[in-house]
Amino acid sequence: MKKKLEYSFDDEPVSKFCYDLQNKRIEVYFKGYYDLIMDVYIETPCIWILENWEYGKIKIGDEQKLYDLNRQMGIFNLILYLKYNDNKELEMLVNTVDHRYLTLFFKNPKLSLR
């Protein structure tokens with residue numbers, strides 16, 4: 001069964017970003033999000049939490065090489081897209097505050113929205 005996302009943050013500016021290396025947890029704060037189930041934008045502060053993944057990898061720009069998540073992580077400015085790829089990984093393209101484009105891959109992350 002293909003996993004589906006219930007929300008989107010495409011082009012929504014990040015207001016706060018936290019990355020806990022030891023506990024494999026990322027918290028991304030937004031002023032709103034797009035509800036994919038109801039097909040409507042919700043303008044309310046929220047926290048998207050991604051945690052407990054099996055592995056995380058990063059691809060920088062157009063490079064083909066994958067790097068360890070902890071070695072290349074940057075502070076998110078925008079999430080440009082978010083999807084499950086053919087390898088059943090959560091894949092997201094982000095723009096960072098230092099103007100890099102990173103494609104992140106997570107295997108079996110737990111996702112929540114507060």
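Residues numbered from 1 in each chain as written. Predicted model: local features only at pLDDT ≥ 70, side-chain atom pairs only at ≥ 80, totals over all residues. Heavy atoms only, no water.

Chemist: Can you walk me through the state of the cysteines in this structure?
Modeler: By definition, a disulfide links the sulfur atoms of two cysteines through a covalent bond. In this structure the tally under the stated criterion is 0 disulfides. No disulfide involves Cys-18; its sulfur sits 14 Å from that of Cys-46, the nearest cysteine. (Disulfide = S-S within 2.5 Å.)

Chemist: I tried to follow the nonpolar core on my own but got confused; where do I start?
Modeler: Nonpolar side chains in soluble globular proteins generally cluster together in the buried interior. Within the largest apolar cluster, 28 residues are counted, with the highest numbers of intra-cluster contacts made by Trp-48, Phe-76, Leu-90, Met-92, Leu-104 and Phe-106. Mapped onto this core, the elements with two or more residues apiece are strand E2 (14-20), strand E3 (25-30), strand E6 (46-51), strand E7 (55-60), strand E9 (76-84), strand E10 (89-96) and strand E11 (101-107). Looking at which element gives the most residues to this core, the answer is E9, with 4 residues. (Core = buried A, V, L, I, M, F, W, Y, C linked by side-chain atoms within 4.5 Å. Buried < 20%, exposed > 50% of the residue type's maximum accessible area, 1.4 Å probe, protein only. Helix = DSSP H or I, 4+ residues; strand = E, 2+ residues; numbered from the N terminus.)

Chemist: When you look at the pairing of E11 in this model, what are you seeing that I'm missing?
Modeler: For a regular strand, side chains alternate in direction, first toward one face of the sheet and then toward the other. Across the 7 residues that make up E11, a large majority, 6, are buried. With 6 bridges joining them, E7 and E11 adopt antiparallel strand pairing. Looking at E11, one finds that Lys-59 is bridged to Thr-103. Sheet topology note: the E10/E11 ladder contains 7 bridges and is antiparallel. Pairing of Leu-93 across the sheet is with Thr-103, part of E11. Where E10 hands over to E11, the hairpin turn is made up of 4 residues, of which His-99 adopts a positive phi near 65°. (Pairing = 2+ DSSP bridges.)

Chemist: Would you mind going over the sheet that holds strand E4 (residues 33-35) with me for this structure?
Modeler: Through backbone hydrogen bonds, the strands of a sheet pair up, either in parallel or in antiparallel fashion. Strand order in this open sheet of 3 strands is E1-E4-E5, and the pairing throughout is antiparallel. Single-partner strands in this sheet number two, and they are strand E1 (7-8) and strand E5 (40-42). Both E4 and E5 contribute to a ladder of 3 bridges, which runs antiparallel. Bridge pairing in E5 places Tyr-33 opposite Ile-42.

Chemist: Any chance you could explain the environment of Leu-36 here in plain terms?
Modeler: Along the chain, Leu-36 falls in the loop between E4 and E5. For the pair Leu-36 and Glu-91, spaced 55 residues apart in sequence, the C-alpha to C-alpha distance is 17 Å.

Chemist: Sorry, what's going on with the packing of aromatic side chains here?
Modeler: Geometry of an aromatic ring pair is reported as the spacing of the ring centres plus the angle between the planes. For the structure on display, the rule yields 5 aromatic pairs. Considering the side-chain rings of Tyr-7 and Phe-9, the 5.6 Å spacing of their centres and the 50° angle between planes classify their relative orientation as tilted. The exposure class assigned to Tyr-7 is buried, which follows from its relative accessible area of 11%. Residue classification places Phe-9 among the buried residues on the basis of a relative accessible area of 1%. When the ring of Phe-17 is compared with that of Phe-76, the centres are 4.4 Å apart and the planes differ by 35°; the resulting orientation is tilted. Here Phe-17 is found in strand E2, whereas its partner Phe-76 is found in strand E9, with 59 residues between them in sequence. (Phe/Tyr/Trp six-rings, centres within 6.5 Å; stacked < 30°, edge-to-face > 60°.)

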